[in-house]
Structures are given as C-alpha cells and as structure tokens.
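# Notes for the structure review
Listed here are the chains, written in short residue letters.
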Amino acid sequence: MQVRNQSYLRRKNKNSIIELLRKKTQSYSDLARELKLSNTAIANIVDDLISENVVYRESDSKGRGGINLSINADYGYVVAVDLSRWQIILSAADFGSNILTTATIDDITFKKGDIEKIVAAVEALTKREELKGRALRCIAVASPGKIDKKSGKFILNPRFREIGNISLQAVFEEAFGCKVVIKNDINLALLGEKMYGGVLKNVQNALMLHVDVGMGAALLIDGKVYEGSHGFAGEIGYFKLNMLLSDENNYGNLNYGNYYDSTSLFSVLSIVKREISLGTETVLKDWLEASGRSWDDVTIDELLKAYRLKDALVVRAIHSAARVIGTFASSMSEFLDLDTVILIGSVTGLGKEYLKYISKYAKNCPVVFSELGSDATIMGTINAGILAVFDGLL
C-alpha cells in the first residue's frame, strides 16, 4: 500500500510540475516553494522529465537551484481538427501551444467519403515543411454531439447521420498510429478560453453558453471543465422549457418548446423570416428588395447587422430569446454558485448593447463575451491533445 501511495504521489507531483511549467519558466527552487517539496524531491522528478525530453534545462551556470526550467516546445507536435463549423480547420502546434501550420477544408458536407477527405487533409498537413523532423504525438478532434468516451463513437450527432455510427478515434488511430482524443466542441472551447484567454484567468466556476445556429453549454467547476460521466455535460439544446410538453394531456397553451427552438439564432432567424413574409416592416426587407432576394434568403450575418442598427423587428425577436438565455444563466448561477457566464458563437456579433440587455436577466452573475471567439475551439483542442500526451507520461 505504501509503494502504491508513493507512486500515486510521484505521478501527482509530476503532473503538477508540468502544469506549472506550462504556465511559465521556473527554477528548481520556484517549484519546490510552489509545491512545498524538498529541492531533492523536485530534482528527482524534473530529471526524469528532462531524460524524457519533456522539460528543457536552460543553463547549469547558476547552480541547480537557480536553473531555469521550461517545457520543451520541440517535444513533438499535436494536430487539432475542428469539426464544429462547416469549414473544417486543421492546426498543428508544438508543446508550447504555438501554432506551426494551419489548413482548412471547405467541401465537407459530412456524407460518405468525407471522413477519408479529412484524413487525407491531416496527412497532407503532417508532411508540410514546418513539421519536418518533428514527431506527431497526438491528434485531437473537436466535434459537436454526444461521443462515447471509450469507443469514440457518436451517440448523437445529427451532422454525421449519413456517415453512420463511426468511431473517428479508431479511424485516426489506424491511419496515423498515434494517440487520438475526441471531445465535445463546446467543452473544448471552454478549455481553450480558460487556458489561453483572459476573461477566465482568475475564475474557478463558470458557464459557457454557445449561441449560434444551435445552442449548447459547457461548465467550469473548480477550475476544470466538467464533462460528466459520458463526456457530454452541457448539452442543453433540447431541455424542455415546460414539462407539460411531454404530457399527453397538454392543451398546448404553454407550448414554448426547448432551448434550441427558443434561443438559437437559427430560431430567431426563422421568426424574423416569418414576420417578413407576413409583411412586417424591417430594414431587412429593404436589403432583400435591393438585392432581388426573397424573405427566405435572410442570413444570420444580416440579422446581426440589423440588430446593431436597432431594427425594431429584429431587436424584439432577439430580446425575446435573450430573456430566456439570461433567465437560464441566472438559474444556473444560483444553482452552481458561478463566478461568470461567458457567451460564445455568432451571438458575440450583436455587440455591447446585447450584453447589457441580457445582463439584466442574468442578475448577480457577470455576463461577458469570449475573448478568443472563433479561435477558442481550436486552441482548446490543441490543449486537449497536449494534455493527453502528458497524461500518458504519468
């Protein structure tokens, strides 16, 4: 039992040292003070990490206590694959989280044969000049939907319905022979915001709400992204807004639907399109007539622009959804004692007036926009890949 406890503590301390060095360069003495360990204990663990080429020792000239230690950025690289948008993003990054090269794929519709296209694009990325001489350590994938932690198969992902119940983890492992992790895209966006952004720098408990074509969420609890038992905590899009909807005796008088139907920008856009078709006056109608388009051609970008111009119809529709989002954020804040609610997705294009409006309904919990924005997911995916490699060393 004692040997087992010592082994556990060593792994724990090794992990703590890696975490501290990822934040900034430190000396042996700095680490000893931070972790309340002896210089000898720190030296033994650090020397192991140096022998594994994970940690870089800058100089021996000051004596061991004053030597600066850093994570070896050239330990290898990870490839991050972001499947959360229609334009697929691929990025390769070193172990200092520096992006070395990036590629995009525009012709993916998630039909049969598209997975092979993505694999081929990743293979092409790994052969670029920027990655020559570096070892591929991990491929990390961000995807919407519910993913089984063990098999990597999708439990629920409408975008992949034509491909079938495929395991992306197995596909990439077979193709590249390296470690592969598949995680929910919004959880990874929160991970990216926490690691690399500024708005969550000193925050331990937060709710991220992704408001775009769809609606999703992620939770930060005690400084860590909470994934739940199966890896998809935060899937709130189909929460019922009213329990009577599932009752066969429902009269329909409280038919408010779910969060997706009531709060997503797609839902708001559908309402606005309907109102335009019924003849409601809006600046959008003028734009459509000027460009020879019909009411069904309004885009989300135009919706955001019309809101910023204070168009009455669009403001009313968006504020209707905002009240639901704000009330939900307030309820979750009370339930979990949160520090912050962070909004991400196209909703951030609505600007400060929207943030001011929704904050009235979120009450005592500050509501902020994501600092990283559309980069949060890819940065979180890079971080997940790096963490997976380091976990394998413990």
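Provided above is the structure to which this section pertains.
Quantities reported herein were computed from a predicted structural model and do not represent experimental measurements.

Reading the values: rules and limits
Residues numbered from 1 in each chain as written. Predicted model: local features only at pLDDT ≥ 70, side-chain atom pairs only at ≥ 80, totals over all residues. Heavy atoms only, no water. Helix = DSSP H or I, 4+ residues; strand = E, 2+ residues; numbered from the N terminus. Buried < 20%, exposed > 50% of the residue type's maximum accessible area, 1.4 Å probe, protein only. Contact = heavy atoms within 4.5 Å. Areas by Shrake-Rupley, 256 points an atom, 1.4 Å probe, with all protein chains shown as cover. Phe/Tyr/Trp six-rings, centres within 6.5 Å; stacked < 30°, edge-to-face > 60°. Lys NZ or Arg CZ within 6 Å of the ring centre and 35° of its normal. Arc of directions from axis to C-beta. Expected span 1.5 Å × (residues − 1). Salt bridge = Lys/Arg side-chain N within 4 Å of Asp/Glu carboxyl O. 1 Å grid on protein atoms, 1.4 Å probe; cavity = no way out; pocket = protein on both sides within 12 Å on 5 of 7 lines; lining within 4 Å. Points joined across faces, edges and corners; volume = space filled by probe spheres on them. Nonpolar A, V, L, I, M, F, W, Y, C, P; charged D, E, K, R; others polar. Pairing = 2+ DSSP bridges. Core = buried A, V, L, I, M, F, W, Y, C linked by side-chain atoms within 4.5 Å.

### A word on the overall build of the protein chain
- Looking only at helices and strands, the protein chain features 13 helices and 15 strands.
- Per-residue burial for the protein chain yields a buried fraction of 48% across its 394 residues.
- Considering only intrachain contacts with a sequence separation of at least 6, the fraction spanning at least 24 residues in the protein chain is 60%.
- As presented, the protein chain carries roughly 19,900 Å² of accessible surface, and 49% of it is formed by carbon and sulfur atoms.

### Digging into the packing of aromatic side chains
- Under the criterion given, the structure shown has five aromatic pairs.
- With a centroid separation of 6.2 Å and 20° between ring planes, the pair formed by Phe172 and Phe176 is classed as stacked. Here Phe176 and Phe172 lie together in helix α5 (residues 168-176), a separation of four residues that amounts to about one turn.
- Centre to centre, the rings of Tyr307 and Tyr354 are 6.2 Å apart; their planes meet at 80°, and the pair counts as edge-to-face. Residue Tyr307 is located in helix α10 (residues 300-308), and its partner Tyr354 is located in helix α12 (residues 352-362); the two are separated by 47 residues in the primary sequence. By the burial criterion, Tyr307 is buried, and Tyr354 matches it.
- Ring pairing ties together the aromatic residues Tyr75, Phe95 and Phe390, which thus form one cluster.
- Looking at Arg137, its charged tip hangs above the ring of Tyr75, at a distance of 4.0 Å from the centre.
- Sitting above the plane of the Trp287 ring, Lys305 keeps its charged end 4.9 Å from the centroid.

### Some points on α5
- Inspection of α5 places Leu168, Gln169 and Phe172 among the buried residues, and these make up the whole buried set. Projected onto a plane normal to the axis of α5, the buried residues spread over an arc of 100° and lie on a single side.
- Looking at the residues trailing α5, positive phi occurs at Gly177, about 65°.

### So, helix α8 (residues 265-277)
- Taking 1.5 Å as the rise per residue, α8 with 13 residues should run 18 Å; its terminal C-alpha atoms sit 18 Å apart, in good agreement.
- In the core, the buried residues of α8 are packed alongside β11 (206-211), α7 (259-263), α9 (283-291), α10 and α11 (312-336).
- The positive-phi residue at the C-terminal boundary of α8 is Gly279, with phi of around 100°.

### As for the side chain of Thr282
- Its place among the elements puts Thr282 in the loop between α8 and α9.
- With residues up to four places along the chain from it excluded, the contact list for Thr282 reads Ile276, Asp311, Leu313 and Val314.

### A few points about the pattern of salt bridges
- Throughout the structure, instances matching the rule amount to 13 salt bridges.
- In this structure, the salt-bridge partner of Asp47 is Arg57, at a minimum N-O distance of 3.7 Å. Note that Asp47 is positioned in helix α3 (residues 39-51) and Arg57 in strand β2 (residues 55-57), a separation of ten residues in sequence.
- Taking the shortest distance from any N to any O, the salt bridge between Glu275 and Arg274 comes out at 3.1 Å.
- Judged by its relative accessible area of 45%, Arg274 falls in the partly exposed class.

### What about empty space enclosed by the protein?
- Enumeration according to the criterion identifies two cavities of 30 Å³ or more in this entry.
- When its volume is computed, the largest cavity comes out at roughly 40 Å³.
- Lining the largest cavity are Val211, Thr263, Leu265, Val268, Ile318, Ala321, Ala322, Ile325, Val347, Leu350 and Tyr354.
- Those elements that place two or more of their residues in the lining of the largest cavity are α8 and α11.
- The leading source of residues in the lining of the largest cavity is α11, at four residues.
- Here the lining of the largest cavity is composed, by residue class, of ten nonpolar, one polar and no charged.
- Approximately 30 Å³ is the volume found for the second largest cavity.
- Considering the residues around the second largest cavity, the lining is formed by Val81, Leu83, Ile115, Ile118, Val141, Leu168 and Phe172.
- Every element with two or more residues in the lining of the second largest cavity is listed here: α4 (114-126) and α5.

### Points about the pairing of strand β4 (residues 77-82)
- A large share of β4 lies buried, amounting to six of its six residues.
- Burial of β4 is two-sided: the residues Tyr77, Val79 and Val81 facing one way and the residues Val78, Ala80 and Asp82 facing the other way are all buried.
- Direction of pairing for β4 relative to strand β5 (residues 88-94): antiparallel, over a ladder of six bridges. Paired with Val79 across the strands is Ala92, a residue of β5.

### Things to note about the nonpolar core
- Grouped together as the largest cluster of nonpolar side chains are 44 residues, with contacts concentrated most on Leu207, Leu209, Val272, Ile318, Val341, Leu343 and Tyr354.
- The leading source of residues in this core is α11, at ten residues.
- Not counting residues within four places of it along the chain, the set of residues in contact with Val341 comprises Leu207, Leu209, Ala329, Cys365, Pro366, Val367 and Val368.

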